[in-house]
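In case you want the letters, here they are:
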Amino acid sequence: MAAATDHGSDLVGQGPTLDASEIALVGEAARWAPSIHNSQPWHLRRLPDGLAVLDDPDRAVAVIDPRGRDRAISCGSAVLNARVALRSLGYLTSVEVAPEPAPEPSDGGFSRDRPRVMGVVRAVGRRPAGAADLALAAAVRQRHTHRRVYRSHAVAEEDLLELGKAVLDEGARLSIADAPARRRIADLLREAVRGQAADAELRREVEGWVRRRGSGAEPVDGIPSSALGTSPFPVDSLVHAGQVTIPDVGEIDAELARSTVLAISTREDTLRDWVIAGMALERMLLTATVKGLVATFTDQALQSPEYRPAVAEALGIWDRPQVLLRVGRALVEAPPTPRRPLAELFAD
Ligand SMILES: Cc1cc2nc3c(=O)[nH]c(=O)nc-3n(C[C@H](O)[C@H](O)[C@H](O)COP(=O)(O)O)c2cc1C
């Protein structure tokens, strides 16, 4: 498979050798990627000229994500962060996405049995890091998922164009939901959240990833209860202040009516598309962070497969929607979430 490179040619495997501190810096960036329920479902593998991101099936969030779609998107985000770090070190880079043969999702998911390589990032030459590269790299630690009140939902046209370009550059597409689409998505979200809230197994799974203060050792994964939603109605998480909240009629509609709602979609729905969606997601989130914007996941309508075609129809797209987000400016900052130690991530 040809790799996507910064410069058009394909020099995979012939790149400069990275030293240990450079590999550590690239791994460190991958470590801070967003992931479903902060499950951090990845292993890292050192390569002479880069880093491989492998999925970790033992960290699957199997009830809400039975096919591993959100897990692959999470791994894609880690791949993107690794690439951003490598570029900030002054390297031209190449990325191979899901270089192992990928079974179709219809085969019943993937990687139940063994870790699979989701993406490989390599240095393929030298070039000085530009200001944009350094700003994206700095945003890796500045970015947090926002589950708080927004100061403003307005996003400047030129900022939206840049977010769209960030997504397109990674091989996915960004759609902006107009008012009728947001109304329809609100209906779908409400239905999806109701369905999820009625599923005891799913609720147990969500609850199992929430980390409450004082309940043992310092957490290294999961969502601290302090990071959960406090906005009037956050359509961001089933668990709100430790309880499952079912939205009132009208609440989601009112929230989405004033929100800027974005969808990342891919042409197909294979493992490769999911990894690409994750790369596009993180590139978009980092670009948004540089612009002082925050994002909230509004993903429930995509976690239930039966609603995904309706979301696509609402958006007027033929592609497969992979991530739904609200973006805007925050009133208060969101707290950071923890991560596992870097040494634990390296599989070799
Ligand atoms: C594929 C994917 C799906 C996610 N879905 C949700 C979601 O439905 N609700 C939510 O509140 N956060 C969601 N998140 C955000 C994660 O919970 C968050 O990335 C993780 O807790 C780490 O926190 P951070 O993003 O602040 O670093 C999702 C993240 C990813 C990558």
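Peer 1: Would you mind going over the overall build of the protein chain with me for this structure?
Peer 2: Along the protein chain, the regular secondary structure elements total eleven helices and 14 strands. Out of the 348 residues belonging to the protein chain, those deemed buried represent 58%. Residue pairs at least 24 apart in sequence account for 80% of intrachain contacts in the protein chain once pairs closer than 6 positions are excluded. Total accessible area computed for the protein chain in this model is approximately 14400 Å², and 52% of it derives from carbon and sulfur atoms.

Peer 1: Explanation requested: the environment of isoleucine 73 in the structure shown.
Peer 2: With respect to the helices, strands and loops of the structure, isoleucine 73 is situated in helix α2 (residues 69-88). Separated by 39 residues in the primary sequence, isoleucine 73 and proline 34 have C-alpha atoms spaced 9.3 Å apart.

Peer 1: What am I meant to see in the environment of leucine 189 here?
Peer 2: Here leucine 189 is to be found in helix α5 (residues 179-197). Once the C-alpha coordinates of leucine 189 and serine 304 are considered, the two residues, 115 residues apart in sequence, prove to be 10.0 Å apart.

Peer 1: Mind showing me how you'd approach a nonpolar patch on the surface here?
Peer 2: Judged by side-chain polarity, Val149, Leu331 and Val332 come together as a nonpolar surface patch covering roughly 230 Å² of accessible area. Along the chain, valine 332 turns up in the loop between β14 (320-330) and α11 (342-345).

Peer 1: It is not clear to me how helix α4 (residues 157-169) should be interpreted in this structure. Could you clarify?
Peer 2: Within an α-helix, residues lying three or four positions from one another point in the same direction, as the helix has 3.6 residues per turn. Between its terminal C-alpha atoms α4 stretches 18 Å, which fits the 18 Å expected from 13 residues at 1.5 Å a residue. Among the residues of α4, Asp159, Leu160, Leu163, Gly164, Ala166 and Val167 are the ones counted as buried. One face of α4 carries all of its buried residues, which in axial projection span an arc of 155°. Exposed residues on α4 whose side chains face more than 90 degrees from its buried face are Glu157, Glu158, Leu161, Lys165 and Leu168. Against the buried residues of α4 lie β7 (173-176), β12 (260-266), α8 (271-290) and β14. Positive backbone phi, at 95°, marks glycine 171, one or two positions downstream of α4.

Peer 1: What's the story with the pairing of strand β4 (residues 91-97) in this structure? I'm lost.
Peer 2: Regular strands have side chains that alternate between both faces of the sheet. By the criterion of burial, β4 is predominantly enclosed, with seven of the seven residues buried. In terms of strand pairing, β4 meets strand β5 (residues 117-126) through seven bridges, oriented antiparallel. By the bridge assignment, leucine 92 is partnered in β5 with glycine 125.

Peer 1: I'm lost on the packing of α2 against α8 in this one. Help?
Peer 2: Any two packed helices are characterised by the angle at which their axes cross and by the distance between the axes. Orientation of α2 relative to α8, taken along the N-to-C sense of each, is 50°, at an axis distance of 6 Å. It follows from the interaxial angle that α2 and α8 lie oblique. As α2 packs across α8, the resulting crossing turns out to be right-handed. Where α2 approaches α8, its residues Arg69, Ala72, Ile73, Gly76, Ser77, Val79, Leu80, Asn81 and Val84 are matched on the opposing element by Leu271, Trp274, Val275, Ala277, Gly278, Met279, Leu281, Glu282, Arg283 and Leu286. Looking at the contact of α2 with α8 residue by residue, the class counts come to twelve nonpolar, four polar and three charged.

Peer 1: Explain the packing of aromatic side chains here, please?
Peer 2: The relative placement of two aromatic rings is captured by the distance of their centres and the angle of their planes. A complete count under the given rule lists zero aromatic pairs for this structure. For the cation-ring pair, arginine 46 lies above phenylalanine 346, with the distance from its terminal atom to the ring centre recorded as 3.9 Å. It is arginine 126 that lies over the ring of tyrosine 91; its NZ or CZ is 4.0 Å from the centre.

Peer 1: Please explain the nonpolar core as it appears in this structure.
Peer 2: One recurring pattern in soluble globular proteins: nonpolar side chains tend to sit buried together. Counting residues in hydrophobic clusters, the biggest one holds 59 residues, and the most contacted among them are Leu44, Leu51, Ile264 and Met284. Looking at which element gives the most residues to this core, the answer is α8, with twelve residues. Residue assignment places this core across two domains, with domain 1 (4-144) and domain 2 (151-330) each supplying three or more. Grouped together as the second largest cluster of nonpolar side chains are 20 residues, Ala177, Leu302, Tyr307 and Leu324 included.

Peer 1: What am I meant to see in the side chain of aspartate 133 here?
Peer 2: The residue aspartate 133 is located in helix α3 (residues 131-142) in this model. Non-local contacts of aspartate 133, meaning those with residues more than four positions away in its chain, are made with Val84, Arg87, Ser88 and Arg127.

What counts as what
Residues numbered from 1 in each chain as written. Predicted model: local features only at pLDDT ≥ 70, side-chain atom pairs only at ≥ 80, totals over all residues. Heavy atoms only, no water. Helix = DSSP H or I, 4+ residues; strand = E, 2+ residues; numbered from the N terminus. Buried < 20%, exposed > 50% of the residue type's maximum accessible area, 1.4 Å probe, protein only. Contact = heavy atoms within 4.5 Å. Areas by Shrake-Rupley, 256 points an atom, 1.4 Å probe, with all protein chains shown as cover. Patch = residues over 30% accessible without salt bridge, like charges linked within 9 Å, V, L, I, M, F, W, Y side chains within 5 Å. Salt bridge = Lys/Arg side-chain N within 4 Å of Asp/Glu carboxyl O. Expected span 1.5 Å × (residues − 1). Arc of directions from axis to C-beta. Pairing = 2+ DSSP bridges. Axes fitted to C-alpha atoms, helices over the stretch in contact; angles between N-to-C directions. Parallel < 35°, antiparallel > 145°, perpendicular 65-115°, else oblique. Left-handed = near helix turned anticlockwise from the far one by under 90°. Nonpolar A, V, L, I, M, F, W, Y, C, P; charged D, E, K, R; others polar. Phe/Tyr/Trp six-rings, centres within 6.5 Å; stacked < 30°, edge-to-face > 60°. Lys NZ or Arg CZ within 6 Å of the ring centre and 35° of its normal. Core = buried A, V, L, I, M, F, W, Y, C linked by side-chain atoms within 4.5 Å. Domains from an automatic or database assignment.

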